[in-house]
Structure formats: C-alpha cells, structure tokens
Amino acid sequence: MNVAVITFPGSNCDQDCVRSVELASGSARYVWHREVSLGDSDAVIVPGGFAHGDYLRPGAIARFSPIMDAVIDFGRGGGLVIGICNGFQVLCEAGLLPGALLRNRSLRFQSHDCFMRVERADTPYTGDYRVGQVIGMPLSHADGNYYADPDTLAALEAEGRVVFRYCDADGTVTQEANPNGSLNSIAGIANAQGNVLGMMPHPDRAIEAVLGSMDGLPLFTSLVGALARAEVA
Amino acid sequence: MSTGNGVAPRPGDPPITPELVDEHGLSPDEFAQVRRILGRDPTFTELGVFSAMWSEHCGYKNSKRLLRLLPTQAPWVIQGPGENAGVIDVGEGNALAFKIESHNHPSAVEPYQGAATGIGGILRDVFTMGARPVATLNSLHFGDLDRPRVRYLFGGVVKGIGDYGNCVGIPSTGGEVYFDRGYEENPIVNAMCLGLMRTEDLIRGTAEGVGNTLMAVGARTGRDGIHGATFASEELSEGDDEASRPQVQVGDPFTEKLLLEASLELIASGHIVGIQDMGAAGLTSSGSEMAGRSGTGVEMDVALVPVREDGMTPYEILLSESQERMLVVAAAGREDAVREILEKWELEAATIGSVTASGTFRVLEDGVVVADIPALPLTEGCPTYERPGEEGDEVHALRTMDISPCAEPPAGLRDAFLRVVGSPNVASKQWVYEQYDTTVRANSIERPGGDAGVIRIPGTNRGVAASTDCNGRHTYLNPRAGAMGAVAEAARNVACTGAVPMAITNCLNFGSPLKTHIMYQFREAVLGMRDACAHFETPVTGGNVSFYNETDGKAVYPTPVIGMIGVIGNLDTIVRHAFRDAGDAIFLLGTNTGELGGSEYLYAVHDLVAGEPPGVDLAAERTLQRCVLAMAASRVLSSAHDVASGGLAATLTESCLGRPRKGGGVGAAVRFEDALPDTALLFGEDQGRVVVSCTPGDEEQVRRLAVDFGVPCTRIGTVTGAGSALRIETVSSALRLELDVLRERYFGAIPGIMNEAG
C-alpha cells in the first residue's frame with residue numbers, strides 16, 4: 001500500500017499530506033513533478049500550494065508537468081486520486097474533474113475555518129464519515145469558487161457526485177455559509193466513476209486535536225482502509 | 001591612470017567631486033575617512049560601495065553606540081546580533097532562527113510590492129541560517145482609516161504580505177495593526193519570520209577557506225532597487241511617489257519558494273560553507289560582510305554575474321537590490337554539485353569569484369580591477385555618532401497636559417465603551433489575518449486573534465509563541481516608558497499562552513536622527529528596552545533600525561517594535577484568551593491604577609493624544625508573568641488575556657467574544673470595587689494586568705498561587721454562558737452590553753470601513 005504525493009516546485013502541503021496518510025496508518029512517498037511514472041503507487045494525492053507560482057491561472061502550468069500524464073492515465077484507469085485545494089484546481093485543469101475554480105466572490109485570499117456537510121459516505125474517501133455529518137476544517141485559497149456549466153452541474157447533482165457541500169454549524173446550506181461563491185455551495189466533487197475526488201478545504205490541516213479539528217482524518221483513514229481492502233480482495 | 005592596487009577609473013565614470021560625494025550621502029569627514037582607508041581617491045564604483053555600506057541602513061552609524069547598551073546574551077542564545085538572524089535553543093535539539101525587519105520606505109511608495117518584498121527579505125534572512133521558515137508575523141502602523149490614501153496603503157500592504165507569504169507557504173501566526181494620524185504619510189511595515197532547524201544544521205554568512213568559490217544563486221540581477229539602502233536612509237518628500245519607484249523592488253514569491261527549497265537542500269548537502277541573502281546593498285553587502293566576518297577577502301568579476309539586461313555597469317551590478325538572490329560560498333570542487341541542486345529547482349548558479357587571503361573586497365570587470373577595498377574597514381569602519389537629544393516642546397506640552405477633564409465621557413459610558421471596542425485599533429483584525437494563510441504546514445496551534453501565535457515544533461509536543469508589540473502613542477508621549485511597556489506587553493502576551501519569554505528581536509522605527517528631539521526619543525527608547533530586556537532576561541538577538549521615517553519634516557511616532565519569542569514545553573498546557581464555560585470564576589491579576597494617558601479612549605472619544613502614558617513596574621510585571629506561567633503549568637486556567645490597548649473594556653469584550661463565529665461567545669458578569677472614575681477603570685491602559693478565568697473547582701488553587709507569588713488577585717466576576725451579555729458594575733455605574741452589539745462593533749469595524757468606503 002503506497003500513496004504517491006506529487007511535489008511540484010511550488011507545492012506547500014505535500015508534507016502535510018504525507019503526514020496525514022501516516023497518521024491514518026498508511027504509507028506515502030513524494031513523487032517529484034518531473035518524474036514520468038508513478039511506480040507502484042496505489043493512490044495519488046495532488047497537494048495544495050502554488051504548483052508553478054500560479055501567476056497565470058492556478059493549475060494551468062502544472063497540468064503540463066511531466067508526471068501529469070501518468071496521473072491522468074492512473075485516474076482514467078480507475079486509480080484513486082485526490083486533489084486538495086491547488087490539487088483540485090490542477091485536476092480540473094487536467095480534465096480529470098469537470099468545471100473550474102474561479103476567483104473567490106470576495107476577490108480576496110481567504111483563510112479561515114469552514115463547515116461542510118458530507119453528502120456521500122459510499123466513496124473510497126468518505127467511508128469513515130456519515131451522510132449528513134457536519135465537519136469543520138480550514139480553507140485557504142484565492143480561487144475556490146466552483147463553477148461548471150448548467151448541464152455539468154445538473155449531472156453532478158443527478159449522479160450524486162457532490163461529495164462535500166459548504167454549510168453552517170448546524171448543517172444547513174446557506175449562501176452566508178458559502179465562503180467563496182461556489183455554485184450549489186460545492187466544496188468537493190467526484191468524477192463519474194467515483195475514483196477521483198477534488199476538494200478546496202484542507203483535511204490535511206485537521207488531523208490532530210491540537211490543531212483544533214480532527215475532522216479531516218477520516219478522509220485519510222477511509223482512503224487507507226479502501227486500499228487495504230483492495231489488497232485483500 | 002592608476003590610483004593604486006591596480007584600480008583605475010572606468011571610462012565614462014563621472015569625476016569624484018564634492019557634489020557627487022554629497023549626493024552619495026557621505027559627509028566631508030566620512031569621505032576623508034574613505035580616502036584614509038584606501039590611501040587614495042575612490043573610483044565611482046567604490047564611492048557607490050561606500051555610500052551603501054555606510055548608509056544608515058547598513059552601517060547603523062547613528063544607532064550603533066546606543067545599541068551596544070542592549071543585553072544580548074543568555075545561556076540559550078546560540079547566535080546574537082550581527083548575523084542574518086538571531087538563533088536560540090528551543091529544546092530537544094531544536095534551534096529557532098528569528099528576526100524582524102522594516103520595509104517602511106518602499107511600502108510608502110508602492111504598498112503592495114513594498115510589503116511583499118519585505119516578507120521576501122525576512123524569509124531569506126532566516127533560511128540562510130539553515131532554518132526552515134515556519135511562521136511570519138508583522139507589525140503594521142498606518143494613519144487613520146478615514147483617509148482614502150491610508151485605505152489604499154493598508155489594503156495594498158495586507159494584500160502584498162498575503163500574496164507573498166501564501167505563495168511561499170509560510171503561515172502567518174500573529175502581529176499587530178495600529179491606526180493613528182501619527183502615521184499618516186509614513187506607514188510602518190515590519191515583518192518578522194521564525195524558522196526552525198536542528199541545532200547542528202546552523203550555518204552562517206561567512207566566506208571561510210581561501211580558494212573556495214563564490215557563486216551567485218537565484219534570480220538574475222537587474223537595475224531595480226539600486227541604492228535602496230541609501231533611499232531607506234533619507235526622508236521622503238512630496239512627489240517621491242513617482243520619482244522613487246525605481247528604488248522599489250518587485251517580488252517574485254515563486255522564485256523565493258524555489259530559492260528556499262534549494263538553499264535548505266544546499267545547506268543539508270554539505271557542499272557549501274557559507275550563504276547570505278543579497279538584501280540591502282545586494283552583492284556589495286553580502287560579499288564584503290561574508291569576508292569581513294571571516295577575516296578573509298573576496299574577489300569577484302561582475303562580468304560573470306547573470307544579469308537581466310545588457311550594459312549594466314559594475315556600479316549597478318554591485319548595488320542592485322533585485323530580489324530572490326543569494327551569495328553562496330561553495331567548497332572548492334563542489335561547484336557542479338551546487339549547480340545540480342539549483343537546476344533541480346529551476347534556478348541558476350554562476351561562479352563569480354573566490355575567497356582570497358587578501359582581506360579586501362576586490363571587484364573586476366572582465367579582468368580589469370574596478371574596486372579594491374579593505375573588507376573589515378568597509379563593513380565595520382563606518383563612522384558612528386552619538387548625537388545630542390532633548391525632548392521636543394510639542395510632545396512635552398502634550399505629555400504634561402491636564403487630561404483629568406477628559407475622564408467624563410461626553411455621550412455617556414456606554415457610548416464610550418462601544419467607541420473604544422469598535423475603534424480600528426481595538427477591533428478585530430480578522431479582515432487582515434484572513435487574507436494570510438494561517439494554517440499551512442499544519443502546525444499552527446494558536447492562530448492570529450489571541451495574545452500570541454503558537455507554532456508546534458514538528459515531532460515534539462513543544463511550541464514556540466511569538467508576539468509583536470509597540471504602542472506608538474505611548475512611546476511618542478514617553479519613549480522610555482513606552483519602550484519598556486512594549487517589552488512588557490510582548491512578554492505578557494507570550495506568557496498568557498503559557499510560554500516562557502526567551503528573547504526578542506527589535507525593529508526601531510524613528511524619524512531623522514539628525515534632529516535632537518528624535519535622537520532623544522531613540523536614546524530613551526533604547527534605554528527603556530535595555531532595562532526591560534535585562535529584567536525579563538529576554539536578550540536582543542538582532543533586529544533592524546529604520547530612521548528617516550519622515551515626510552516633509554514630520555516624523556512618525558517613535559515605534560520600537562518588539563518581536564518576542566516564548567517557548568512552551570508542553571502544548572497540553574496552552575492557555576487561550578476566550579472565556580470557556582458558564583460558572584467559571586473570573587479574576588484580575590494585578591492592580592487597576594486608571595492610567596488614561598495616551599489611551600485609546602482619549603483618542604477614540606476625545607480625539608486626543610496626551611498625558612503621561614502608563615509606567616512599568618518591572619519587578620511586579622515579571623512576578624505577574626511568572627505567576628501566570630505557574631497557573632498555566634498547573635492547568636488551572638480556563639483562559640488568560642492581557643490588558644493593553646482599550647483597557648479592561650477591550651480585554652473583557654475579547655474574552656467574551658472569543659473567535660469570530662456566528663452566535664459565538666459567552667457572557668460575563670463582573671463587578672469592580674475600585675475607587676476610580678469609570679473611564680479610568682474601564683479604559684485605563686495600566687501595565688501589569690491579566691484577566692484569567694478558571695473552573696469553580698480550581699478557584700482555591702488560583703488564589704493560592706497568586707498568594708505564593710505575591711500577585712494581587714481579585715475575584716471580579718463569573719462567566720455566564722452563551723447568548724447572554726457582558727454586564728459590568730462599578731461603584732457608580734452599571735452597563736449591560738449585549739453580545740450581538742459587541743460582536744457587531746468588534747468584528748464589524750474594519751470590514752465596515754474597507755468594504756464600504758472602498
């Protein structure tokens with residue numbers, strides 16, 4: 001069982017992701033963006049940061065990093081891929097997930113805690129959550145305003161591919177609790193096959209009580225559990 | 001014609017005239033000193049080099065003699081002043097590098113880039129010690145927010161800090177923001193960085209080993225920021241906005257991130273013996289200082305320095321302050337290995353010269369010598385001055401003004417309370433710190449908004465607390481008491497989280513030292529700082545002096561910013577500022593004396609900066625802090641929050657409201673028996689006070705510890721739970737402040753101004 005954490009030159013959360021997997025009793029290793037193979041990886045995490053500075057558009061250049069062809073093949077072949085924050089932006093640019101992350105409604109960088117409602121507990125990433133569970137964790141981005149065209153959005157909802165939705169502390173989805181203007185308060189989505197997940201908030205910063213929240217840890221334990229079951233099967 | 005040592009003027013160089021010397025900021029006496037050092041006239045290039053190195057910014061010529069009075073040593077200090085950053089031992093084999101630096105002048109001209117490059121510079125100072133930056137803080141002082149230009153500066157500075165630090169991936173864990181007309185034209189923008197390393201990984205900015213190779217690493221050298229150090233050592237004047245733009249550098253945080261990772265990898269590789277940021281005065285200061293510290297010499301050829309544009313002269317290459325560059329001394333024969341690491345990070349490394357035994361800073365252009373200067377006299381021989389000082393008449397009149405008539409609030413106590421709590425100085429800085437990434441690297445234990453930020457030392461259960469503090473109004477009215485108060489408040493903030501104050505870095509922001517009333521402020525502030533640091537055993541490990549913060553003759557308030565570091569040995573004992581549970585007992589530690597001089601109340605309600613600011617009883621302050629630390633260590637506290645700007649009104653409001661959350665917060669009922677006027681009691685900024693709370697079961701233990709330490713401890717009330725109000729009774733009044741109203745004032749003030757005024 002081995003999780004590959006992709007390191008672009010401007011990745012800032014690669015270490016946080018490796019530690020998260022380790023705290024979930026999994027093992028992870030760094031894969032440099034110039035490599036062309038994922039080796040014997042069983043899952044991939046594309047971490048947060050500013051992959052290539054993002055002076056153009058977040059993820060626009062990262063999509064062309066040598067490792068990305070392997071990540072795209074891996075994801076299309078059904079491999080488990082998570083993109084967190086900048087990683088979500090990269091996966092959208094790479095076409096593994098639909099839609100785009102636009103500039104926040106406030107037009108400012110935003111760094112604060114948010115609440116999300118778990119909409120699906122039957123994905124490989126959310127098995128250790130309950131449907132309707134309200135989880136809190138930090139978010140930290142300038143471009144997290146999820147947008148997709150009406151057909152895509154309708155398909156995401158109809159197929160139950162919205163995995164996390166911004167809400168208030170009671171689990172109610174309101175515009176006030178939507179931090180960045182995302183359509184349908186979308187915080188995280190999956191691809192059609194359900195093996196690729198993208199999310200803007202940071203589960204990798206909510207893995208220990210001392211950090212103020214452990215609500216991110218089940219995401220990593222779910223992943224590690226899914227991989228362990230796959231190994232047995 | 002040769003002028004000695006093979007140094008010849010370069011064709012096209014202007015002749016060295018008294019006017020040219022004057023334009024370079026050197027006095028006739030200083031120029032005579034230059035000639036004595038060289039034994040001849042300098043070339044134009046050499047004149048530029050001396051001008052930069054003997055500027056106030058690099059040479060500390062008007063501050064050095066006084067700064068020598070500051071305590072700099074303690075058993076836990078690994079590196080004191082004089083290096084890129086100070087370093088202290090923080091336990092379990094870990095060392096902390098930290099420093100604060102100003103970027104006031106560039107930020108006044110171009111707030112976004114000025115502030116951004118300030119962050120870049122301070123990060124480089126820390127990672128060139130071998131430490132990975134783990135947190136930044138800042139201290140920002142602006143004019144009043146009702147001025148459009150101030151809002152432009154404030155918005156630009158905050159965005160500049162955020163965009164740079166966020167991209168590099170360093171969490172911001174705290175800081176302070178003040179607004180007062182004393183900073184109308186000249187904002188104070190100070191950035192602090194903390195970095196962690198294993199003690200054995202420490203590296204210094206030295207050029208050891210004759211024959212080792214000098215390499216220019218990172219971004220290419222351009223024409224930006226030439227003479228930035230000299231620019232920072234002059235007053236601004238009307239119209240400088242446009243004319244000074246070329247002296248402001250442009251930041252590239254992505255290159256900084258690459259440089260950070262490459263530098264740490266280089267240091268870990270063992271291929272290099274020294275590394276230094278090309279900061280103020282660029283290649284000149286880094287080259288000569290590394291040689292000066294090692295007692296060696298350096299020789300470099302500017303034709304080998306990678307440049308951004310053709311036709312740059314040696315003068316320009318030596319004095320460029322292009323950002324994101326490093327000077328590295330590679331072990332001879334390891335140059336290719338160095339280049340390989342830099343290439344991985346998509347950066348350049350060019351061999352530009354070598355370490356020599358000559359003791360000189362020798363520069364060639366295509367093999368022709370253009371400068372040859374003894375390194376140590378260049379870096380250490382800057383003439384120093386101790387100028388006379390005397391308190392200014394204006395401030396004397398304000399300080400001794402009778403402010404007792406102001407004890408009466410014109411529109412009543414409740415109105416005054418809400419004005420103080422809703423003043424941008426007291427109000428939540430959420431609008432600011434939410435633009436900074438506060439949680440990246442997943443070690444932020446206490447984020448901005450409390451008394452001090454706390455970062456975990458990875459792999460341990462230890463933490464480092466940090467706070468930046470300076471109440472400029474207090475230092476304006478009484479620089480000695482104000483500076484002492486800044487150290488006391490910073491130490492108290494750190495202690496309130498349960499961390500032991502260990503050491504400080506300082507950033508001394510003043511007007512022109514050539515004026516007697518400014519020199520008085522500077523001298524008094526240094527003396528106050530000396531006494532407080534000695535008493536608290538928190539030595540100064542480095543910092544920065546920024547003079548000439550003036551526009552058209554009007555100086556900023558003297559603003560000696562303190563960046564305090566504390567260490568918390570067990571993160572389980574951390575204490576936070578918010579009240580917790582209904583029924584908890586609230587105590588005041590310390591004594592109310594009702595000092596309204598220089599208070600936020602006087603400014604917000606009476607539009608007045610006057611009176612004698614609060615003094616500091618150093619012995620009582622230290623005892624108080626030790627008492628709070630003992631309470632934290634025995635885990636009897638539910639909360640601890642210091643009393644500072646805005647007085648008890650601000651402290652109680654903040655402890656009730658806690659973190660910004662819809663409907664969050666708890667109420668409290670408190671009663672004071674002090675025989676003081678209501679305003680003096682609620683808004684006085686007397687030092688040496690902390691409001692703590694504890695469960696009823698721990699009440700006895702809190703009282704006993706206070707008695708043990710001899711700290712006055714008064715039960716003032718009870719936490720009353722969610723959804724209620726803050727109720728305050730005094731001997732003459734009763735106030736009921738609904739949490740919704742307080743929340744709106746406290747959290748709504750700055751967003752209200754910035755979102756609506758635009």
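Below: a short report on this structure. (Residues numbered from 1 in each chain as written. Chains lettered and ligands numbered in written order. Predicted model: local features only at pLDDT ≥ 70, side-chain atom pairs only at ≥ 80, totals over all residues. Heavy atoms only, no water.)

A closer look at helix α1 (residues 14-23) of chain A
Residues and elements named next belong to chain A. Using the following cut-off: Exposure is judged per residue with a 1.4 Å probe applied to protein chains only, and the accessible area is read against the type maximum: over 50% gives exposed, under 20% gives buried, and values in between give partly exposed. Here a strand is any run of E in DSSP of at least two residues, a helix any run of H or I of at least four, and the numbering for each starts at the N terminus. In what follows, residue pairs with any heavy atoms lying within 4.5 Å of each other are defined as contacts.
For α1, the complete set of buried residues consists of Asp14, Asp16, Cys17, Val18, Ser20 and Val21. On its buried face, α1 is in contact with β1 (3-7), β2 (28-32), β3 (43-46), β4 (80-84) and α5 (217-232). Looking at the residues trailing α1, positive phi occurs at Ser25, about 65°.

Observations concerning the sheet that holds β4 of chain A
Residue and element names in this part refer to chain A. Which entries qualify depends on this criterion: Two strands form a pair only when DSSP identifies at least two bridges running between them. With axes taken as lines fitted to C-alpha atoms, and helix axes fitted only over the stretch in contact, angles between N-to-C directions fall between 0 and 180 degrees.
Judged by pairing direction, the sheet is mixed, and its nine strands sit side by side in the order β2-β1-β3-β4-β11-β10-β9-β6-β7 without closing on themselves. Each having just a single partner strand, β2 and β7 (134-141) make up the two edges of the open sheet. The sheet shows a mean angle of 25° between the axes of neighbouring strands, direction not considered. As paired strands, β3 and β4 are joined by four bridges and run parallel to one another. Its bridge partner being in β4, Val44 is matched across the sheet by Val81. Against the sheet, helix α4 (residues 150-158) makes contact with β9 (162-167) and β10 (186-190), and its axis sits at roughly 75° relative to β10, the strand it touches most.

A closer look at the pairing of strand β25 (residues 690-694) of chain B
Residues and elements named next belong to chain B. Of all five residues making up β25, five are buried, and the element is well covered by its neighbours. The side-chain alternation of β25 yields two buried faces, one formed by Val690, Val692 and Cys694 and the other by Val691 and Ser693. Pairing analysis gives five bridges linking strand β22 (residues 585-589) to β25, with the strands arranged antiparallel. Paired with Ile586 across the bridge in β25 is Ser693. Across four bridges, strand β23 (residues 639-642) lies against β25 in antiparallel orientation. For Ser639, the partnering residue across the bridge sits in β25 and is Ser693.

Re the nonpolar core
One recurring pattern in soluble globular proteins: nonpolar side chains tend to sit buried together. Counted only if it meets this: By nonpolar core we mean a set of buried residues, namely Ala, Val, Leu, Ile, Met, Phe, Trp, Tyr and Cys, connected to one another through side-chain atoms within 4.5 Å.
By size, the foremost hydrophobic cluster in this structure holds 133 residues, and its most contacted members are Phe164 of chain A together with Leu194 of chain B. The dominant element in this core, judged by the number of residues it contributes, is helix α21 (residues 516-536) of chain B, at nine residues. Excluding its chain neighbours within four sequence positions, the residues that come into contact with Leu194 of chain B are Leu96, Ala97, Phe98, Val126, Arg132, Pro133, Val134, Ala135, Leu137, Val464, Ala466 and Ile565 of chain B. Counting 61 residues, the second-largest nonpolar core is a separate cluster that includes Val168, Ile275, Ile341 and Leu347 of chain B.

On their own, these measurements won't tell you what the molecule is for.
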